[in-house]
Amino acid sequence: MPDVKMVAGHQPEKAVADVTGAGLRVGVVGGSVAGCALAIAAVRSGADVTVYERSDGALEDRGFGIVVPPPLHAELVGAGYLDAGMPTAPVPSRVWLTGEPGQRTARELARQPAAVTPCHWGLLWRTLRARADGVTYHRGRPVTEVLRHPSGGAVIRTAESEARYDIVVGADGPRSVTRAAVAPQVRPVPARYVVWRGTLPLDVLAAHPHLGELVRTAWITLGFQGGHGVFYLIPGAVEGSRLLAYALYGPPPPPSWTAGREEYVRRVAEEHFPADWADVVGRGVHTSLACHDVADFHVPRVAEPPFLLAGDAASITRPHTASGATKALQDALCLERALRASSSAAEALRRYADERSDEGARLVALGRRLGQAMVERTPDWAAMGPVEVAEWSRATLDGAASYLYGGAER
Ligand SMILES: Cc1cc2nc3c(=O)[nH]c(=O)nc-3n(C[C@H](O)[C@H](O)[C@H](O)COP(=O)(O)OP(=O)(O)OC[C@H]3O[C@@H](n4cnc5c(N)ncnc54)[C@H](O)[C@@H]3O)c2cc1C
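Here's a quick rundown of the structure. None of these values were measured; they are calculated from a predicted model.

## A few points about the overall build of the protein chain
Move 1: Broken down by element type, the protein chain carries 11 helices and 18 strands.
Move 2: Taken over the C-alpha trace, the protein chain has a radius of gyration of 22 Å; the compact-globule value for 410 residues is 22 Å, and the two agree within 12%.
Move 3: Overall, the protein chain is about 70 × 45 × 40 Å in size when its C-alpha atoms are taken along their principal axes.
Move 4: When each of the 410 residues of the protein chain is scored for burial, the buried share is 56%.
Move 5: For the protein chain, the share of sequence-separated contacts (at least 6 apart) that also reach a separation of at least 24 residues comes to 74%.
Move 6: By element, 51% of the accessible surface of the protein chain is carried by carbon and sulfur atoms, the whole surface being about 16800 Å².

See the structure below:
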């Protein structure tokens, strides 16, 4: 991570009303989901926005699945952040499964109302990027430094340029340069397990029509001792098509493993899944596959004028909460509200921090409880039915709302 130099000095507050004509100048570091969403928020509030994205690759080609709460999806469409035509694959409920000794197919433990709106990461990014049409978007432009300007605002530096802004938004992900300016003491806390995130063509289900029928009506949690798998359909990049997306939580591959990633995932599935699900994972050629170390952190206060953090730059939770992109999108809606309600950039950032800072801490705590209950100290799934799953869910949530458990979360 590059060093961040802080230039001490008084920052006069600039009235939004004074600058709306010329436009508040907002610089956004990172042009992924959070960067595009926050850029839209700032443009809609009348700001002049520039995004700096490190990668010069095609972000739209990332093929992973992302689920968001249906009410949030509806709000984003209504507000104009998302295109109503962006394909999604909504389902109203969640089905819990586990393998039983000697059985080829899984047993259904419980079915809960837990509506989700699954999206294709690349299509989500593409629709956000298209909506950020009033924004100057630089690809292949890594930010090397952000620093306070002695007479107000902040400076974004790249190898080729240096520009001054009233607000700098850090949407630059887990290793954020911007976070180093706001909260240099924050460090990720690793969990001792990994998550594999993959997508497979739908024909992997052809040999198992009962599984195909199941994933068309629900998203699936498949529990085993020491981990679990999550399965759901997402829209494919080709119009009208579907992919099977999954996440598989368990121990990391041993250092001696040299046979490749797909082979490792297949081995875990064969070892822990009933034969039909293991066959699904082992059958197809992945359209995407990645292994993520699971870790979490949160920044205690997510804005210190002129800096603001959003998305993974502000906090990361264990992915059991399915909340990272969701939080980034909520961050954007909050920034727009705060800018519209405030008479200065600094006031808007204080409002944003007041509203959004606790969410990171809440989600980190929830992710840890879910991780412990679903990976580190898994229950005896085979002994459970609907009543036990409901009791176990209540105890694990411990009063927290999660749309993945039917909670009213936007
Ligand atoms: C297995 C798994 C499953 C998940 N499932 C879900 C889910 O179902 N629902 C959900 O809501 N969330 C989910 N998430 C979380 C979600 O994927 C992330 O939280 C979200 O994509 C983060 O978006 P972001 O824009 O904040 O960060 P990123 O996507 O990491 O983007 C950061 C961007 O900043 C750029 N950048 C970095 N440094 C610089 C620099 N110095 N200069 C310029 N640019 C820079 C990077 O190139 C990148 O494009 C999941 C995560 C995992 C690991």
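Past the structure itself, the notes keep going.
## A look at unusual backbone geometry
Move 1: Cis geometry is found at the peptide bond from proline 305 to proline 306, where omega equals 10°.
Move 2: Inspection of the secondary structure assignment puts proline 306 in the loop between strand S16 (303-304) and strand S17 (307-309).
Move 3: In this structure, alanine 322 is a non-glycine residue whose phi angle is positive, near 45°.
Move 4: If you trace the backbone, alanine 322 turns up in the loop between strand S18 (315-316) and helix H9 (324-341).

## Details of helix H4 (residues 121-131)
Move 1: When we look at burial in H4, the residues that qualify are Trp121, Gly122, Leu123, Leu124, Trp125, Thr127 and Leu128.
Move 2: The elements touched by buried residues of H4 are helix H2 (33-44), strand S3 (65-68), strand S5 (107-120), strand S6 (136-138), strand S13 (227-235) and H9.

## A closer look at the side chain of histidine 208
Move 1: Within the secondary structure, histidine 208 sits in the loop between strand S11 (189-201) and helix H6 (209-217).
Move 2: Not counting the four nearest positions on each side in its chain, histidine 208 is found in contact with Asp276, Asp279 and Val280.

## Some points on the environment of tyrosine 52
Move 1: Within the secondary structure, tyrosine 52 sits in strand S2 (residues 48-52).
Move 2: Expressed as a C-alpha distance, the spacing of tyrosine 52 and tyrosine 137, which sit 85 residues apart in the sequence, is 6.3 Å.
Move 3: Setting aside residues no more than four positions away along its own chain, tyrosine 52 makes contact with Val28, Val29, Gly30, Gly31, His138, Arg141, Val143, Ile156, Thr158, Ser161, Ala163 and Tyr165.

## Considering the packing of H2 against H9
Move 1: H9 packs onto H2 with a crossing angle of 15° between their chain directions and a minimal axis gap of 8 Å. Judged on the interaxial angle alone, H9 and H2 are roughly parallel. The hand of the H2/H9 crossing is right-handed. Residue-level contacts link Val33, Ala34, Ala37, Leu38, Ala41, Ala42 and Arg44 of H2 to Ala325, Ala328, Leu329, Asp331, Ala332, Leu335, Glu336, Leu339 and Arg340 of H9.
Move 2: Residue composition of the contact of H2 with H9, by class: 12 nonpolar, no polar and 4 charged.

## Comments concerning the nonpolar core
Move 1: Val49, Leu128, Val146 and Leu308 are the most contacted members of the largest nonpolar core, which has 74 residues in total.
Move 2: Filtering out sequence-adjacent residues up to four positions away, leucine 128 remains in contact with Val33, Cys36, Ala37, Ile40, Tyr81, Leu82 and Leu329.
Move 3: Of all hydrophobic cores here, the second largest spans 33 residues; its members include Tyr232, Met384, Ala400 and Leu404.

## Remarks on the site of the ligand
Move 1: Of all residues adjacent to the ligand, which total 31 residues, the nearest are Ser32, Glu53, Val67, Asp312 and Thr326.
Move 2: Contacts to the ligand include valine 33, whose backbone N or O atom sits 3.3 Å from an oxygen atom.
Move 3: Threonine 326 is positioned such that a nitrogen or oxygen atom in its backbone is 2.8 Å from an oxygen atom of the ligand.
Move 4: In isolation the ligand offers 1000 Å² of accessible surface; the protein chains occlude 89% of this area.
Move 5: Contributions of two or more residues to the shell around the ligand are made by H2, S3, S11 and H9.
Move 6: Among the elements that take part in the shell around the ligand, H9 stands out by supplying 3 residues, more than any other.
Move 7: Class assignment for the residues of the shell around the ligand results in 16 nonpolar, 8 polar and 7 charged.
Move 8: Of the residues that make up the shell around the ligand, three or more belong to each of domain 1 (16-62 + 123-188 + 297-367) and domain 2 (65-120 + 191-294 + 371-405).

## Some thoughts on the sheet that holds S6
The pairing of strands in a sheet comes from backbone hydrogen bonds and takes either a parallel or an antiparallel form.
Move 1: The strand order S6-S2-S1-S10-S17-S16 describes an open sheet built from 6 strands, whose pairing is mixed. Whereas interior strands pair on both sides, the edge strands pair on one side only; in this sheet they are S6 and S16.
Move 2: Across the sheet, H2 is in contact with strand S1 (25-29), S2, S6, strand S10 (167-170) and S17; its angle to S2 comes to roughly 170°.

## Focus: the pairing of strand S15 (residues 288-298)
Move 1: Of the pairings in the sheet, the one linking S11 to S15 comprises 8 bridges and is antiparallel in character. Across the sheet, residue valine 195 finds its bridge partner in S15, namely histidine 292.
Move 2: Taken together, the 2 bridges between S15 and S18 define a ladder with antiparallel strand orientation. In the strand pairing of S18, histidine 298 is matched with serine 315.

## Here we look at the packing of aromatic side chains
Move 1: Scanning the entire structure with this criterion turns up 13 aromatic pairs.
Move 2: Ring plane angle 35° and centroid distance 6.0 Å describe the contact between phenylalanine 231 and tyrosine 246, whose orientation is recorded as tilted. Note that phenylalanine 231 is positioned in strand S13 and tyrosine 246 in strand S14 (residues 242-250), a separation of 15 residues in sequence. The same class applies to phenylalanine 231 as to tyrosine 246, namely buried.
Move 3: When the ring of phenylalanine 231 is compared with that of tryptophan 277, the centres are 4.5 Å apart and the planes differ by 35°; the resulting orientation is tilted. Highlighted residues: phenylalanine 231 in strand S13 and tryptophan 277 in helix H8 (residues 275-283), separated in sequence by 46 residues.

Conventions we followed
- Residues numbered from 1 in each chain as written.
- Predicted model: local features only at pLDDT ≥ 70, side-chain atom pairs only at ≥ 80, totals over all residues.
- Heavy atoms only, no water.
- Helix = DSSP H or I, 4+ residues; strand = E, 2+ residues; numbered from the N terminus.
- Rg over C-alpha atoms; globule rule 2.2 N^0.38 Å.
- Buried < 20%, exposed > 50% of the residue type's maximum accessible area, 1.4 Å probe, protein only.
- Contact = heavy atoms within 4.5 Å.
- Areas by Shrake-Rupley, 256 points an atom, 1.4 Å probe, with all protein chains shown as cover.
- Axes fitted to C-alpha atoms, helices over the stretch in contact; angles between N-to-C directions.
- Parallel < 35°, antiparallel > 145°, perpendicular 65-115°, else oblique.
- Left-handed = near helix turned anticlockwise from the far one by under 90°.
- Nonpolar A, V, L, I, M, F, W, Y, C, P; charged D, E, K, R; others polar.
- Core = buried A, V, L, I, M, F, W, Y, C linked by side-chain atoms within 4.5 Å.
- Near = heavy atom within 4 Å.
- Polar contact = N/O pair within 3.5 Å; in protein donor to acceptor, adjacent residues only side chain to side chain.
- Domains from an automatic or database assignment.
- Pairing = 2+ DSSP bridges.
- Phe/Tyr/Trp six-rings, centres within 6.5 Å; stacked < 30°, edge-to-face > 60°.

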